[in-house]
Amino acid sequence: MNEFYQKDIISIKDFSKDQLEEIFASTDKIMQLNSSDRREICKGKTLGYLFYEPSTRTRLSFDSAMASIGGNSLGISDISSSSTQKGESLSDTVRIMSIYSDILVLRHTLDGSSRFASEISEKPVINAGSGTEEHPTQAIQDLFTIKKEKKKIDGLKIGIVGDLKYGRTVYSLLYGLGNYDVDVRLISPESLRIRSDSTYEIKKKLDFTETTDIEEYLDELDVLYVTRIQKERFPDEEEYLKVKGSYVVGLNMLKRMKDDSIILHPLPRIDEISSDVDKTKNAKYFEQAEYGKHTRAALLGMILNENGF
Ligand code: NCD
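These figures come from a predicted structure and were not determined experimentally.

Draft legend 1. Structural view of the environment of Glu133. As for its placement among the helices and strands, Glu133 is situated in the loop between β4 (125-130) and α6 (136-150). Here Glu133 falls in the partly exposed class, since its relative accessible area comes to 30%. On a C-alpha basis, the gap between Glu133 and Glu201 in space is 13 Å, while along the polypeptide they are 68 residues apart. A polar atom in the side chain of Glu133 sits 3.0 Å from the backbone nitrogen of Gly112. Among the polar contacts listed, one links the side chain of Glu133 to the side chain of Ser130, at a separation of 2.6 Å.

Draft legend 2. Summary view of the site of the ligand. In the region of the ligand, the neighbouring residues are Thr58, Arg107, His135, Gln138, Arg168, Thr169, Arg228, Gln230, Pro266, Leu267 and Pro268. Between Gln138 and the ligand, the recorded distance is 3.2 Å, taken from a side-chain N or O atom to a nitrogen atom. Placement of the ligand is best described as lying within the largest pocket. Partitioning the shell around the ligand into residue classes produces three nonpolar, five polar and three charged.

Draft legend 3. Here's a closer look at the pattern of salt bridges. Inspection of every chain in the model, using the stated rule, returns 22 salt bridges. For Arg256, the salt bridge identified is with Glu215, shortest N-O distance 2.1 Å. Remark: Glu215 occurs in the loop between β7 (207-211) and β8 (223-226) and Arg256 occurs in the loop between α10 (251-255) and β9 (262-264); sequence separation between them is 41 residues. Classification of Arg256 as partly exposed rests on a relative accessible area of 38%. Under the relative-accessibility criterion, Glu215 is labelled partly exposed at 34%. Lys281 is the partner of Asp259 in a salt bridge, and the nearest nitrogen-oxygen pair spans 2.9 Å. Here Asp259, found in the loop between α10 and β9, pairs with Lys281, found in the loop between β9 and α11 (285-304); they are 22 residues apart in sequence, far enough to count as distant. It is possible to trace a salt-bridge network through shared partners that takes in Lys157, Asp183, Arg185 and Glu220.

Draft legend 4. Expanded view of the layout of surface pockets. The volume enclosed by the largest pocket comes to roughly 480 Å³. In terms of lining, the largest pocket is formed by 27 residues, of which the most central are Arg107, Arg168, Arg228, Leu267 and Pro268. Counting residues per element, the ones that place at least two in the lining of the largest pocket are α3 (57-68), α6, α7 (168-177) and α11. Residues of the lining of the largest pocket, tallied by class, amount to six nonpolar, 13 polar and eight charged. Of the voids in this model, the second largest pocket is the one considered here, and its volume is about 180 Å³. Residue lining of the second largest pocket: 15 residues in total, with Ser11, Lys13, Glu133, Glu134 and Tyr175 positioned closest to the centre. Going through the elements one at a time, β4, α7 and α8 (196-205) are the ones with two or more residues in the lining of the second largest pocket. Top contributing element to the lining of the second largest pocket by residue count: α8, with three residues. Residues of the lining of the second largest pocket, tallied by class, amount to three nonpolar, four polar and eight charged.

Draft legend 5. Molecular detail of empty space enclosed by the protein. Per the counting criterion, the structure on display carries one cavity of 30 Å³ or more. The space that makes up the largest cavity amounts to roughly 60 Å³. Surrounding the largest cavity, Val161, Gly162, Val226, Thr227, Ile229, Gly245, Ser246, Tyr247, Asp271 and Glu272 form its lining. A breakdown of the residues in the lining of the largest cavity according to their chemical character gives four nonpolar, four polar and two charged.

Draft legend 6. Structural detail: the domain arrangement of the chain. For the chain, the assigned domains are domain 1 (12-134 + 290-304) and domain 2 (136-289). One C-alpha centre belongs to domain 1, the other to domain 2; they are set 24 Å apart. Every contact between the two is made by 33 residues of domain 1 and, on the other side, 32 residues of domain 2. Taken together, both faces of the contact between domain 1 and domain 2 bury some 2800 Å²; the carbon and sulfur share is 57%. Interface area lost by domain 1 to domain 2 is led by Ile12, Thr132 and Tyr291, which between them contribute 25%. Where domain 1 packs against domain 2, one counts six salt bridges. A salt bridge links Asp154 to Lys17; the nearest nitrogen and oxygen atoms lie 3.0 Å apart.

Thresholds, definitions, all that
Throughout, a residue's number is its position along its own chain's written sequence, starting from 1. Two thresholds apply to this predicted model, a pLDDT of at least 70 for residue-level local features and 80 or more for giving and counting side-chain atom pairs, whereas whole-chain, interface and lining totals are computed over all residues. Water and hydrogen atoms were dropped before computing side-chain values, which therefore reflect all heavy atoms in the structure. In this text, helices come from DSSP runs of H or I with a minimum length of four residues, and strands from runs of E with a minimum of two, each type numbered from the N-terminal end. The buried label applies to any residue whose accessible area, calculated with a 1.4 Å probe on protein chains only, is under 20% of its type's maximum; exposed applies above 50%, and partly exposed to all values in between. Think of a polar contact as two N or O atoms within 3.5 Å of one another; within protein, one of them needs to be a possible hydrogen donor and the other a possible acceptor, and neighboring residues in sequence only count if both atoms come from side chains. Nearness is defined per residue: one heavy atom within 4 Å of the molecule or strand is enough. Residues are called lining when one of their atoms sits within 4 Å of a cavity or pocket point, these points coming from a 1 Å grid over the protein atoms alone, where a cavity is a set in which a 1.4 Å probe fits but cannot get out and a pocket is an open set with protein on both sides within 12 Å along at least five of seven lines. For a molecule to be placed in a cavity or pocket, more than half of its atoms must lie within 2 Å of the grid points of that cavity or pocket. Throughout this entry, Asp, Glu, Lys and Arg are counted as charged residues, while Ala, Val, Leu, Ile, Met, Phe, Trp, Tyr, Cys and Pro are counted as nonpolar. The remaining residues, Gly among them, count as polar. We define a salt bridge as a contact between a side-chain nitrogen of Lys or Arg and a carboxyl oxygen of Asp or Glu at a distance within 4 Å. Grid points are joined across faces, edges and corners, and a volume is the space filled by probe spheres set on the points. Here the bounds of each domain stem from an automatic or database domain assignment. Contacts were defined at the residue level, with two residues in contact if any of their heavy atoms lie within 4.5 Å. Two parts placed together each lose some accessible area under a 1.4 Å probe, and adding up what both lose gives the buried area.

Below, the structure written as structure tokens:
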């Protein structure tokens, strides 16, 4: 039996380096299969999604990943049109969804929501974003992108810039990078530094330094991972306005970076990367979005097939 069979994907912390590498190898395999063989992998299987927060890429990439391996998906992407509006609890909604589908994908405003759902659901649950806590499939996609574009992860210098306090993709990426031998530079306004409750845990596995000055390490970075300031998570608008637009990666900055450095972003981008960077060879955020479809297809294929694919 493959070890991912029927496994919940709640936190990237649950994955060892070997397991991550196994997902990457399965992703490579998916990308090489012809489309008719690929459609056999989850033929007749159903993915159910519940999105209590807005999403473009994550939901659509799960949808299109499932279609690419022959399955189908159904679910709720606009919670205001569901029975939640009538007062239905998350646990009842999850229970119902797990009757109609073979696997559940949940995005919710609360930390701990996916762990909670996995305890109720009879079907495996994938965390597609739980509050400010984690977004494990995004981290798998981010690590896979780094590996594809830089041909390795070990030995790289990686800068992560933006909202490190509220950005859940940052935490999952840091926990994931903890499996590798990398040097990390965390760049943020003082008020958006990574949360101290996570620092201790991250420090156990990863070397990082913190700065407010994006220029400081620019010329040594192999990867610059840019994140959006998470406006919706600020307790008040005033605080957001103080840090809005703190960093904008533009062509001038790019000129100071290594020629073969890459710029990543989980998207959506607001104003933190100027659009003239898009056409440079360093911009890899759209490729990153495309890899996300394949990494998700690989995960679904492994979770839903006892003997893998
Ligand atoms: C991210 C998220 O939802 O955390 N989006 C995504 O899934 N690609 C990042 C963000 O919203 O800034």
